[in-house]
Amino acid sequence: MNPLVQVAVKTPVYGVFDYRWKSPLPAVAGTRVTVPFGRRQVIGIVVAAIEHSDVPAAKLRAVHKVHDEKAILPEDLMTLLKWASRYYHYPLGEVLGSALPSLLRKGHAATLAEREYFRSTPQDESSTDVRVTVVQKRLLDHLRGSGGRPVAPDSLRALSPRWRHSLEPLIEQGLVACDTAIEVPRNEAAEQGPTLSDEQARAVEAVNAKLGTFASFLLRGVTGSGKTEVYLRCIEEVSRRGLQVLVLVPEISLTPQLMSRFERRISGCLVNLHSGLNDTERLQNWLCAYEGHADVVIGTRSSILAPMPRLGLIIIDEEHDGSLKQQDGFRYHARDLALMRARNRQCPVLLGTATPSFESIHNVTAGRFVELALTRRAGDAVAPTMGLLDIRRRKLIEGMSDRLLDAIREHLGRGGQALVFINRRGFAPTLLCNDCGAAADCRRCDAHMTVHARHNRLRCHHCGSERALPSVCDSCGSAELDRVGYGTERITEALQIEFPEIDIARIDRDSTRRKGALEAQLNRANSGEARILVGTQMLAKGHHFPKLTLVCILDADRGLFGTDFRSLEHMAQLIVQVAGRAGREKQRGAVLVQTRNPDNPMLQTLVKEGYESFAEIAMSDRRLAELPPFSFMALVRAEASDAREAHGFLVQVADSLHANKSGRLDVMGPAPAPMERLGGRYRAQLLLQSNLRSTLNDSLSRLCTVIDQLPGARRCRWSIDVDPVDLF
DNA sequence: AGCACGCCGACT
DNA sequence: GTCGGCGTGCTC
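Residues numbered from 1 in each chain as written. Chains lettered and ligands numbered in written order. Predicted model: local features only at pLDDT ≥ 70, side-chain atom pairs only at ≥ 80, totals over all residues. Heavy atoms only, no water.

Draft legend 1. Broad picture of the overall build of chain A. When its secondary structure is counted, chain A shows 21 helices and 32 strands. The C-alpha atoms of chain A give 29 Å as radius of gyration, which agrees with the globular expectation for 728 residues (27 Å, within 12%). Along the longest, intermediate and shortest principal axes, the C-alpha atoms of chain A span 95 × 70 × 60 Å. Looking at the 728 residues of chain A, the share that counts as buried comes to 52%. Taking as baseline every contact in chain A between residues at least 6 positions apart, the subset at least 24 positions apart corresponds to 75%. For chain A, the exposed area adds up to about 33,400 Å²; of that, 49% sits on carbon and sulfur atoms. Counting 95 positive and 85 negative side-chain charges, chain A places the averaged centre of each group 2 Å from the other. (Helix = DSSP H or I, 4+ residues; strand = E, 2+ residues; numbered from the N terminus. Rg over C-alpha atoms; globule rule 2.2 N^0.38 Å. Buried < 20%, exposed > 50% of the residue type's maximum accessible area, 1.4 Å probe, protein only. Contact = heavy atoms within 4.5 Å. Areas by Shrake-Rupley, 256 points an atom, 1.4 Å probe, with all protein chains shown as cover. Lys, Arg positive; Asp, Glu negative; His and termini not counted. Charge placed at Lys NZ, Arg CZ, Asp CG, Glu CD.)

Right, dumping it as structure tokens:
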């Protein structure tokens with residue numbers, strides 16, 4: 001009897017199938033195989049070798065091809081991914097697939113690219129009268145002159161564009177030898193780190209003391225307190241021990257400063273994994289991690305699934321950041337996977353932020369995380385002063401109060417820079433008819449369209465559809481159209497009128513879409529050429545503008561009344577992050593928050609006492625309301641082109657849950673999603689909440705079985721989101 | 001996801 | 001009579 005294997009295949013329903021193993025190689029879990037699936041051939045991952053299959057022998061088919069000799073997904077990753085498949089209720093085949101670079105999913109060989117090197121042979125050294133061309137003479141001289149070290153093609157190309165043509169005869173004659181070697185990037189540190197503060201030194205020591213065991217640290221450091229320096233010192237120590245470090249950052253392309261800082265400080269093999277890489281680069285860097293050549297891997301969310309044979313430490317920068325949660329498909333949270341992975345691998349996790357997520361604060365309170373605090377800013381910098389600006393009954397110029405404009409004038413006068421933060425791009429969020437009151441709405445979403453004045457267009461920021469800016473109202477034909485509300489474009493325009501001599505840089509997704517445009521804008525900001533910066537949350541993260549002394553936050557009120565129970569938390573994090581851009585050098589910074597709710601206790605606490613006090617109060621509200629992190633949530637979403645279809649589907653799903661009575665489970669809905677219509681499809685959702693993780697998990701498992709058997713489940717697109725961050 | 005199977009309207 | 005529309009179900 002042939003041995004049997006289970007193979008995970010990328011398919012939304014089952015995912016794991018049994019096959020006959022016909023290869024002379026032993027079956028290894030984590031290797032890629034091509035298997036017949038239906039009438040196609042697909043690539044799957046071997047999950048296990050099994051003794052017996054419940055599938056009738058006649059149905060079992062043979063593995064067609066074996067791609068790898070050793071596991072492409074090492075055992076520890078397989079364990080993590082299998083766990084994640086169960087935890088997030090997402091098919092194993094899809095989960096395993098998401099851990100592989102796309103070229104490997106398509107069957108590309110898992111080998112690092114090789115590079116040719118050339119050197120002069122002993123035969124060449126001894127020969128005296130070889131007849132060579134001028135170009136060949138030049139090539140030989142260069143090779144001889146390199147002192148026996150192999151020479152890369154690049155430097156030969158510099159000698160002659162047709163270098164290979166000239167070189168080949170020399171190789172044939174045995175004068176030049178060609179070797180191949182794998183290409184592994186190497187980085188040389190160019191600078192030394194500063195002396196650590198006591199707090200930094202204590203933090204580094206605490207982490208280093210736990211290397212080789214599982215421990216979780218929350219590095220809570222105010223902006224500018226030198227969290228990155230702590231990361232760098234820990235990385236140095238882990239490298240010294242011959243282990244690898246995995247560093248997760250929010251969006252690497254938005255933080256070139258952070259990336260170059262790592263490059264200046266770390267010696268060894270440093271690779272990136274982020275969305276800006278093409279498939280080949282991504283594969284090469286992934287393989288560097290997989291083969292253990294990489295000492296440090298820096299990447300975005302999905303890097304948490306990168307194979308690291310000598311993993312010694314996981315660092316997550318900006319651990320509160322929403323981008324750590326995948327918002328479609330396999331909806332994992334990179335922070336939670338990191339904790340699970342570190343526990344399995346017995347290595348520490350270091351989570352850094354100025355504004356911890358409530359989940360992490362809760363974990364500190366519960367004793368699961370050790371808190372490391374950095375309370376002082378580096379150098380002479382002191383924390384900026386924060387103040388609320390009551391704009392009720394005040395004269396506003398394009399949404400900005402006179403006091404705000406005065407403050408900008410004052411800071412500019414003293415040679416400072418001002419940042420105006422408004423988390424809305426475009427000119428105005430709404431176009432209203434003055435006669436009939438109708439707003440210009442998106443035809444595919446339940447949303448107003450945003451006015452983009454510069455391009456004379458209306459755009460929907462939810463589905464991306466756009467149309468020409470109408471000159472008359474769609475509903476009544478009136479020409480009295482009002483652009484209501486403010487976006488970065490309008491604010492920039494207004495400030496330019498107010499400060500005609502001043503150079504203003506607008507930094508949002510629209511103004512930085514073109515390649516290199518973001519760098520160009522950031523350069524203008526850093527050099528001090530631009531004196532006023534207007535931008536969205538793109539400006540909130542990680543940037544360091546030396547001359548910036550004033551931060552103005554225009555629309556803080558929006559977060560106070562969000563639809564989501566996390567709106568307040570996110571608003572506070574955003575305000576603190578933006579505020580942190582001010583006064584990072586000698587001049588003390590100031591932060592002004594415009595509001596129509598100056599008496600709001602949450603806003604007051606945040607501004608007067610800071611994030612920590614704010615979080616304490618906001619979290620006690622969460623506890624009373626039994627919301628996460630004091631309970632566990634999952635969201636079942638459904639969307640269909642017919643609203644009744646999506647709702648009906650969820651009614652059936654909900655019924656199956658009510659029928660079962662084990663543990664405490666609150667089922668809310670089905671209800672229309674906060675924005676019911678999006679991109680022309682109707683969305684409904686079912687919210688599950690429990691005080692026990694296991695109850696929630698069990699309910700979801702049952703729910704999956706029910707859905708699989710549900711006729712018509714395929715007419716509607718559905719998904720399960722465990723621990724959702726946005727209830728949209 | 002694909003891909004076949006199967007059951008009803010327009011056509012050579 | 002047949003061609004082909006896409007709703008439904010399966011893939012070890």
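Next comes the rest of the account.
Draft legend 2. Structural context of helix α5 (residues 134-145). The end-to-end C-alpha distance of α5, which contains twelve residues, comes to 16 Å, matching closely the 16 Å that a straight helix rising 1.5 Å per residue would cover. Of the residues trailing α5, G147 is marked for its positive phi of about 70°. (Expected span 1.5 Å × (residues − 1).)

Draft legend 3. Structural detail: the nonpolar core. Counting residues in hydrophobic clusters, the biggest one holds 76 residues, and the most contacted among them are I72, L73, L96, I304, L305, I314 and L703. Not counting chain neighbours up to four residues away, the residues in contact with L703 comprise V636, V653, L657, L688 and I720. (Core = buried A, V, L, I, M, F, W, Y, C linked by side-chain atoms within 4.5 Å.)

Draft legend 4. Examining the sheet that holds strand β6 (residues 65-66) more closely. Taking strand neighbours across the sheet as the criterion, the six strands line up as β5-β2-β1-β4-β3-β6 in an open arrangement whose pairing is mixed. A single partner strand is all that each edge strand has here, and the edge strands are β5 (61-62) and β6. (Pairing = 2+ DSSP bridges.)

Draft legend 5. Region of the structure containing the packing of helix α9 (residues 227-240) against helix α10 (residues 256-265). It is the contact of α9 with α10, at a shortest axis distance of 11 Å, that shows an interaxial angle of 40°. Pair α9 / α10 crosses with right-handed handedness. On α10, the residues that touch T228, E229, L232, R233, I235 and E236 of α9 are L258, R261, F262 and R265. Taken together, the residues of the contact of α9 with α10 sort by class into four nonpolar, one polar and five charged. (Axes fitted to C-alpha atoms, helices over the stretch in contact; angles between N-to-C directions. Left-handed = near helix turned anticlockwise from the far one by under 90°. Nonpolar A, V, L, I, M, F, W, Y, C, P; charged D, E, K, R; others polar.)

Draft legend 6. Region of the structure containing the pattern of salt bridges. Taken as a whole, this structure holds 46 salt bridges when the rule is applied. For D76, the salt bridge goes to R345, with nearest N and O atoms at 2.8 Å. Remark: R345 occurs in helix α12 (residues 334-345) and D76 occurs in helix α1 (residues 75-87); sequence separation between them is 269 residues. Among the ionic pairs, R335 bridges to E319, the shortest N-O distance being 3.0 Å. (Salt bridge = Lys/Arg side-chain N within 4 Å of Asp/Glu carboxyl O.)

Draft legend 7. The arrangement of the side chain of D564 in detail. Structurally, D564 is set in the loop between β27 (548-553) and α17 (567-579). The buried charged residue D564 lacks any salt bridge, with R566 as its nearest oppositely charged partner at 5.0 Å. Discounting chain neighbours no more than four positions away, the residues touching D564 are V725, D726 and L727.

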